[in-house]
Amino acid sequence: MNNDFQTNLNPVLQKIFVVLGKQDRKQLESLSLTLSNLFSHMNFTSHLYFIAENLSEGMPHLEYIQKNIMVFLKKNLFARFYVNLIHHVPLETVNDIDYNFNYYYQPWKQSIRTFDIESNEHREAPRLVLLPVVVTDRQTDSKLLAGLFDRFNNSFLLPVFYLNTDTFFLTEDENLLMKAHKIYYGHSNSAEAAEIVSTICSQDILEKASPNVASRTVLMNAPCPAALIISAQDGMVYSCMDAFLKKKSLTNIYGEHVNTLMAQYDQYHKSNSDCLGCRKQMVEWFSNLALPKGI
Amino acid sequence: MNVLLIDINPFSPSLTPISLGYIASFLKSRGFNTRILSLGENTLISRTNLCEIVRRFNPALVGLSAYQRTMLYVNGLAKLIKSLDRDIKLAIGGPQATFMPSSAFSELPDIDYISRSSGEETLLRVARAIKNRTPFSNLLGVSYKDASGEVFDTPGLDAAADLDLYPSPYLDDTFDYSGMSEAIMLTSRGCPHDCIYCYTPNAFKHKVSFHSVDRVIEEIKWIRKKGVKRLWFADPNISLKPARLMEIFNRMLSEGLDMQMWLQTRADLVNPEVMKIMKRSGVSTIAFGLESASERVMAKLGKHISVERVAEAVKLAQSEKIEVELFTIFGLPYETFEDAVKTLEFMKANKVKIMGNTNSQQMQIYFGTHMARHYEAYKIKPLNNKRPAYLSIGSNYETDCMKYKEMIKIQNLWRANSIDRGRRIVS
């Protein structure tokens, strides 16, 4: 198509990462408002990642923010969002599966019932998809995790797990792998937000480059997926993975209007158009990856 | 006057929107400044940018491609565009629109026209009416809702019998070649057959119209010159006239038009001679419609082709080392779970890779099909009668012979046997 009318448009965000912290009510309201205003700048199909230290603190914050996600989607029927909650779940006994599922996940899923009804009516994938991303640790019992994933799958929550070097052993459980919608591979034993963001972004860049590898064209000829990373605790906003890891913030959401934020984001990327920082990070992530058996 | 044509499908990558291309070229040739916006799963577009595009281009008419699976998204785009400027007129067209009941207007509050006939001809009349500031006068081939909300249906309109009368979206550079890896071509339209589940024969009144061989070759030469080396022929039955197809391929060979090609046709429209020249010309994949490997089920589909004939065509293609794809559907009338398993087994027995288009899907009961009109006679039971009027039964049904749970079971069985976990390209 002759696309001259599509030139010089505003940047389009494909992913937003929010590192949840111990923000107060006012900060939460401000964060939620900022995100609501950013949705109009996001791709029609986008991913939101909320990184929580634990379920009990993270879920209420996510549910609060999710109300605005739902408002946006109800007004904009052409949009689809994947909401990822990245968190650790304490699973020591079978009772923990029931407790966590009934207390946290089930109400979370029920809160988007209106989108499930819409999806069923149109016989199409829902426009709001919830993905619990479970960060594993050395104590994670694969059988208990598989049990939790069964509950997720039965409720149309898409289970994802996040492995690190301490938990690669879980990939030996084929039954567990079959139940997972996706797996992220961390390259250290850390479960810090920086490590998680680095892994998800790196894996994303690699996955996007894979078709190029298969067709033997240039490995990475497209820009990195446009992402914004927000640290809710202090309000700092980062324009990409590399900037986040180097702590080079763009602005602060608790004092800046979204239009200014997006203008700064645009300016940053225009003046760093030849930046290879994220791709370099991806190569480092990949070269340090202890690939599990069979991969 | 500006016309914007939009194709949205968030479930598959953006492909060359060939039908919109034809409409755009035709409208351009009649003096309307027409652009296409193709929004696939890989297209980067935000609400803010879509609003900006509409503001910049300032269309008086927006045409939206409508499919069963994208109706929600079409409705959403219509709402957004109308919210920007109430004066912009909105039309839907395409497979879902042709036979959509006019009662659907009540659930499509922002749509002004439903195109029923040839997109080129109906939209030209709509565009002219809008340009003349009489947006609902002298229309044919559409249903419309006037300013007071009253709905009118106009008589149908025939498309040109000679497709060469429509300008080529390739030759007039309607399409941007910079990101195009594969060109979709439509050298003919329509189908003369009577498959009870298919929309095409009724939409084209069982007639088939063709481009001349010269026009096809001219397009291929231009596409090749632009650096595109893969062709996807979207004709329902490209070998309907075998001599014509042979001529196209012979010309490609004699003129050194080296292309990789995908095409589809009926299994009873190929023979060793046709298959050999396909191979020599660069056909890498051929797709046939098998639908079901149960002769009992096939006999009821109006397809008039035997399972054995399909198997022979598969072998013929394989003997020429042409990759084979088979379109199949489950949940067909009178099909049992065991019949559906036979279809899966057919793939294995005939060494057809279960991936891409060979991944089976449940029958979709679309508006305009024989099945949609007579579903009760085929013991089809819709599962949700509360669906919006713009949606047909689709896949939301079970049959006397296959219950909903069995449909899910056979779908999972296909996925379990699939190389790519069931991702289809053509729907």
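Above this text you will find the structure in question.
Now for a look at the structure at hand. Given the structure is predicted, the values throughout are model-derived calculations rather than measurements. (Residues numbered from 1 in each chain as written. Chains lettered and ligands numbered in written order. Predicted model: local features only at pLDDT ≥ 70, side-chain atom pairs only at ≥ 80, totals over all residues. Heavy atoms only, no water.)

**Some remarks on the overall build of chain A**
Which entries qualify depends on this criterion: In DSSP terms, a helix is any run of H or I states spanning at least four residues, a strand is any run of E spanning at least two, and both are numbered starting from the N terminus. Within these notes, the globule rule equals 2.2 Å times the number of residues to the 0.38 power, and the radius of gyration is based on C-alpha atoms. Only heavy atoms matter for contacts: two residues are in contact if any of them lie within 4.5 Å across the pair. Note that accessible areas follow from Shrake-Rupley with a 1.4 Å probe, and for residues the cover is restricted to the protein chains shown. Positive charge is attributed to Lys and Arg, negative charge to Asp and Glu, and no charge count is given to His or to the chain ends. Just so you know, the charge point we use is NZ for Lys, CZ for Arg, CG for Asp and CD for Glu.
Helix and strand counts for chain A stand at ten helices and nine strands. By the compact-globule yardstick of 19 Å for 295 residues, chain A fits well, its C-alpha radius of gyration being 19 Å. Counting only C-alpha atoms and orienting by the principal axes, one finds that chain A spans roughly 55 × 40 × 40 Å. A fraction of 69% describes how many contacts in chain A between residues 6 or more apart in sequence connect residues 24 or more apart. For chain A, the computed accessible surface area is about 13,400 Å², with 51% contributed by carbon and sulfur atoms. Charge separation in chain A, taken as the distance between the mean sites of 26 positive and 30 negative side-chain charges, equals 4 Å.

**Some points on the side chain of A:Glu124**
Mapping A:Glu124 onto the fold places it in the loop between helix 4 (113-122) and strand 4 (128-135). Discounting chain neighbours no more than four positions away, the residues touching A:Glu124 are A:Ser119, B:Phe11 and B:Arg69.

**What to know about the interface of chain B and chain A**
Stated formally: We define buried area as the total accessible area lost by two parts upon association, computed with a 1.4 Å probe and summed across both. For salt bridges, the criterion is a side-chain nitrogen of Lys or Arg within 4 Å of an Asp or Glu carboxyl oxygen. Identification of polar contacts relies on pairs of N or O atoms within 3.5 Å, with a donor-acceptor requirement for protein atoms, meaning one able to donate a hydrogen and the other able to accept it, and with residues adjacent in sequence counted only if both atoms are side-chain atoms.
With 43 residues of chain B in contact, the opposing surface of chain A contributes 33 residues. Of all residues in chain B, B:Arg35, B:Arg47 and B:Leu72 give up the largest surface area on contact with chain A, accounting jointly for 17% of the area buried on that side. On inspection of chain B and its partner chain A, the count reaches one salt bridge. Taken together, chain B and chain A are joined by 13 residue pairs in polar contact (both at pLDDT 80 or more).

**Section: the sheet that holds strand 2 (residues 33-40) of chain B**
All names here are of chain B. In plain terms, the rule: DSSP-based pairing: two strands are paired if at least 2 bridges between them are found. Helix axes use the C-alpha atoms of the stretch in contact, all axes being lines fitted to C-alpha atoms, and the angles between their N-to-C directions lie in the range 0 to 180 degrees.
With respect to topology, seven strands assemble into an open sheet ordered 2-1-3-4-5-6-7, the strand pairing being mixed. With one partner strand each, in any of the chains shown, strand 2 and strand 7 (151-153) form the two edges of the open sheet. Neighbour to neighbour, the strand axes of the sheet diverge by 20° on average, direction disregarded. In this sheet, strand 3 (residues 61-65) lies alongside strand 1 (residues 2-9) in parallel orientation, the contact comprising four bridges. Within the sheet, the bridge partner assigned to Ile-6 lies in strand 3 and is Leu-64. On the sheet, helix 3 (residues 71-84) packs against strand 1, strand 2, strand 3 and strand 4 (89-93) and is oriented at approximately 165° with respect to strand 4. Relative to the sheet, helix 5 (residues 119-131) contacts strand 1, strand 3, strand 4, strand 5 (113-115) and strand 6 (142-145), its axis offset from that of strand 3 by approximately 155°.

**Re the environment of A:Leu77**
To keep things clear, this is the line we draw: Accessibility here uses a 1.4 Å probe with only protein chains present; expressed as a share of the type maximum, an area under 20% marks a residue as buried, one over 50% as exposed, and anything in between as partly exposed.
With respect to the helices, strands and loops of the structure, A:Leu77 is situated in the loop between helix 2 (55-75) and strand 3 (80-88). Of the residues examined, A:Leu77 reaches a relative accessible area of 17% and is grouped as buried. For the pair formed by A:Leu77 and A:Phe44, sequence separation is 33 residues and the distance between their alpha carbons is 9.6 Å. For A:Leu77, the contacting residues outside a window of four places in its chain are A:Glu118, A:Arg127, B:Leu72, B:Tyr73, B:Asn75 and B:Gly76.

**Regarding the packing of helix 2 of chain A against helix 3 (residues 94-110) of chain A**
Helix-helix packing is characterised by the crossing angle of the two axes and by the distance between the axes. Residue and element names in this part refer to chain A. Our working rule: Roughly parallel here means an angle under 35 degrees, roughly antiparallel means over 145, roughly perpendicular means 65 to 115, and every remaining angle is called oblique. Crossing handedness: left-handed means the near helix sits turned counterclockwise from the far one by under a right angle, and right-handed means the same turn made clockwise. For this classification, Asp, Glu, Lys and Arg are treated as charged, while Ala, Val, Leu, Ile, Met, Phe, Trp, Tyr, Cys and Pro are nonpolar and the rest, including Gly, are polar.
Relative to each other, helix 2 and helix 3 sit at 15°, their axes nearing to 11 Å. The orientation of helix 2 with respect to helix 3, classified from their angle, is roughly parallel. Remark: the crossing between helix 2 and helix 3 carries left-handed chirality. Packed against helix 2, whose contacting residues are Leu-55, Ser-56, Met-59, Leu-62, Glu-63 and Gln-66, the element helix 3 presents Asn-100, Tyr-104, Tyr-105, Pro-107 and Trp-108 at the interface. Tallied by class, the residues present in the contact of helix 2 with helix 3 amount to seven nonpolar, three polar and one charged.

**Describing a nonpolar patch on the surface**
All names here are of chain B. Put simply, the rule reads: A patch is a set of surface residues, each over 30% in relative accessible area and not in a salt bridge, joined within 9 Å for like charges and within 5 Å for the nonpolar side chains Val, Leu, Ile, Met, Phe, Trp and Tyr.
Taken together, the side chains of Leu-383, Tyr-404 and Ile-408 present a nonpolar region at the surface, about 230 Å² in accessible area. Relative to the helices and strands, Tyr-404 is located in helix 14 (residues 404-417). What makes Tyr-404 partly exposed here is its relative accessible area of 34%.

**Remarks on the sheet that holds strand 15 (residues 361-362) of chain B**
Residue and element names in this part refer to chain B. Within the open sheet, the six strands sit side by side as 8-11-12-13-14-15. Their pairing is parallel. Every interior strand has two partners, whereas the edge strands, strand 8 (183-185) and strand 15, have only one. Across five bridges, strand 12 (residues 260-265) lies against strand 13 (residues 283-291) in parallel orientation. By the bridge assignment, Thr-265 is partnered in strand 13 with Phe-288. Sheet strands in contact with helix 14 are strand 14 (323-330) and strand 15, and its direction is about 165° off that of strand 14.

**What to know about the pairing of strand 13 of chain B**
Residue and element names in this part refer to chain B. So the rule is basically this: Think of it like this: strands point away, you trace from the first strand over the helix to the second, and a clockwise trace means the crossover is right-handed.
For strand 13, the tally of buried residues reaches eight of nine residues, placing the bulk of the element in the interior. Handedness of the crossover is the feature at issue here: the chain leaves strand 12, passes through helix 9 (residues 272-281), returns alongside strand 13, and the resulting connection is right-handed. Examined bridge by bridge, strand 13 and strand 14 share six bridges and lie parallel to one another. Note that in strand 14 the partner of Phe-288 across the bridge is Leu-326.

**Describing the packing of aromatic side chains**
Aromatic rings in a pair are described by how distant their centres are and how their planes are angled relative to each other. The line we're drawing: Pairing of aromatic rings covers Phe, Tyr and Trp, the last through its six-membered ring, and needs centres within 6.5 Å; plane angles under 30 degrees mean stacked, over 60 mean edge-to-face, and all others mean tilted. Sitting over a ring, as applied to charges here, requires NZ of Lys or CZ of Arg to be within 6 Å of the ring centre and within 35 degrees of the ring normal.
All told, the structure shown has 23 aromatic pairs over all chains when counted by the stated rule. Among the aromatic side chains, those forming a connected cluster through ring pairs are A:Tyr105, A:Phe149, A:Phe152 and A:Phe161. Over the ring of B:Phe337 we find B:Lys409, and its NZ or CZ is 4.7 Å from the ring centre.

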